[in-house]
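Coordinate inspection notes
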Amino acid sequence: MKLHDLKPNEGKKKRRTRVGRGIAAGRGKTAGRGTKGQGARTGSGPGLYHQGGNLPFFRRLPFKRGFTPPNRLIYNEINVDELGDFKADSEVSPKTLGEARMLRKRTKLVVILGRGEIDKPLKVRAHRVSATAKKKIEAAGGSVEIIE
C-alpha cells in the first residue's frame, strides 16, 4: 500500500450543497433563505446583541465601572494588638494564627499591621509586615521574618 492508494471510508466525505443553481438542484431561487426580510439579504445581519428593538440586555444591566485587577493578593489582616494573646517568646506564623482561629481564610496570605501596642517579645513570621508593626514588635524585643 502506498500513499496514493489511501482513500477515506465510503460515505465519509460528503459533497457540499451548491445553493442558488436552479430549481432542479433543490436549492434554487431563494437558496434556502426564505423570501425577503433581513435573513434574505446579503451582509452580516443583526449584531450579536440585537434583540429586535428591545433594549439590549447588556444595556439593561448596571455594570460595575472601573477595573478589577485579576491577580491581586488578598491578605488576612492581623493588627499588633491582636497578638497580645500569644505567650512571650512564642512563634506567630500563619499556622499558629490559624490554630488560634484568627484568620478569616487559612489559604490567604497574612499581613501584620501596626494598630495598637505590644509588650511581649514574639517571633513573627508573615508574608508582609507594615513598617510601624515591625518597629513595635522589635521595640518589644521580638523579631520579624518575611515569608516568601
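Attention here is on the structure that accompanies the text. The structure presented is a predicted model; accordingly, all values stated were derived computationally and were not measured.

1. Notes on the nonpolar core
Most often, soluble globular proteins have nonpolar side chains that are buried together. Within the largest apolar cluster, 17 residues are counted, with the highest numbers of intra-cluster contacts made by Leu83, Leu97 and Ile112. Those elements that provide at least two residues to this core are strand S3 (109-113), strand S4 (123-126) and helix H3 (131-139). Other than its neighbours up to four places away in sequence, Leu83 contacts Ile78, Val92, Leu97, Ile112, Ile118, Leu122 and Val124.

2. Notes on the environment of Gln38
For Gln38, the position within the fold is in the segment before helix H1 (57-60). Aside from chain neighbours lying at most four places away, what touches Gln38 is Gly45 and Pro46.

3. Thoughts on the sheet that holds strand S5 (residues 128-129)
Adjacent strands of a sheet form backbone hydrogen bonds with each other and so pair up, either parallel or antiparallel. The sheet built from three strands is open, its strands ordered S1-S3-S5 with parallel pairing. Among the strands making up the open sheet, the edge pair consists of strand S1 (75-79) and S5. Here two bridges tie S3 to S5, and the two strands are oriented parallel to one another. The residue bridging Val111 from the neighbouring strand is Arg128, located in S5.

4. Some thoughts on the packing of aromatic side chains
Counted under the stated rule, the structure contains one aromatic pair. Measuring from centroid to centroid gives 4.9 Å for Tyr49 and Phe58, while their planes differ by 55°, and the two rings are tilted. Owing to a relative accessible area of 52%, Tyr49 belongs among the exposed residues under this scheme. Just above the ring of Tyr75 sits the side chain of Arg128; from NZ or CZ to the centre is 4.8 Å.

5. Focus on the sheet that holds strand S2 (residues 91-92)
Taken in spatial order, the three strands of this open sheet run S2-S4-S6, and their pairing is parallel. The sheet is open, and its two borders are formed by S2 and strand S6 (143-146), each paired with just one other strand. Where S2 meets S4, two bridges bridge the pair, whose relative direction is parallel. From the neighbouring strand, Val92 faces S4, where its bridge partner is Val124.

6. Describing a nonpolar patch on the surface
Nonpolar side chains collect at one region of the surface, where Leu48, Tyr49, Phe57, Phe58, Leu61 and Phe63 lie side by side and expose about 680 Å² of accessible area between them. Relative to the helices and strands, Phe57 is located in helix H1. Residue Phe57 is classed as partly exposed on the basis of its relative accessible area, which comes to 48%.

7. Examining a positive patch on the surface
A contiguous patch of positive charge, built from Arg15, Arg16, Arg18 and Arg21, is present on the exposed surface. Of note, Arg15 is situated in the segment before H1. Classification of Arg15 as exposed rests on a relative accessible area of 76%.

8. Structural notes on the side chain of Ser90
Structurally, the position occupied by Ser90 is in the loop between S1 and S2. Non-local contacts of Ser90, meaning those with residues more than four positions away in its chain, are made with Pro121, Leu122 and Lys123.

Rules used throughout
Residues numbered from 1 in each chain as written. Predicted model: local features only at pLDDT ≥ 70, side-chain atom pairs only at ≥ 80, totals over all residues. Heavy atoms only, no water. Core = buried A, V, L, I, M, F, W, Y, C linked by side-chain atoms within 4.5 Å. Buried < 20%, exposed > 50% of the residue type's maximum accessible area, 1.4 Å probe, protein only. Helix = DSSP H or I, 4+ residues; strand = E, 2+ residues; numbered from the N terminus. Contact = heavy atoms within 4.5 Å. Pairing = 2+ DSSP bridges. Phe/Tyr/Trp six-rings, centres within 6.5 Å; stacked < 30°, edge-to-face > 60°. Lys NZ or Arg CZ within 6 Å of the ring centre and 35° of its normal. Patch = residues over 30% accessible without salt bridge, like charges linked within 9 Å, V, L, I, M, F, W, Y side chains within 5 Å. Areas by Shrake-Rupley, 256 points an atom, 1.4 Å probe, with all protein chains shown as cover. Salt bridge = Lys/Arg side-chain N within 4 Å of Asp/Glu carboxyl O. Lys, Arg positive; Asp, Glu negative; His and termini not counted. Charge placed at Lys NZ, Arg CZ, Asp CG, Glu CD.

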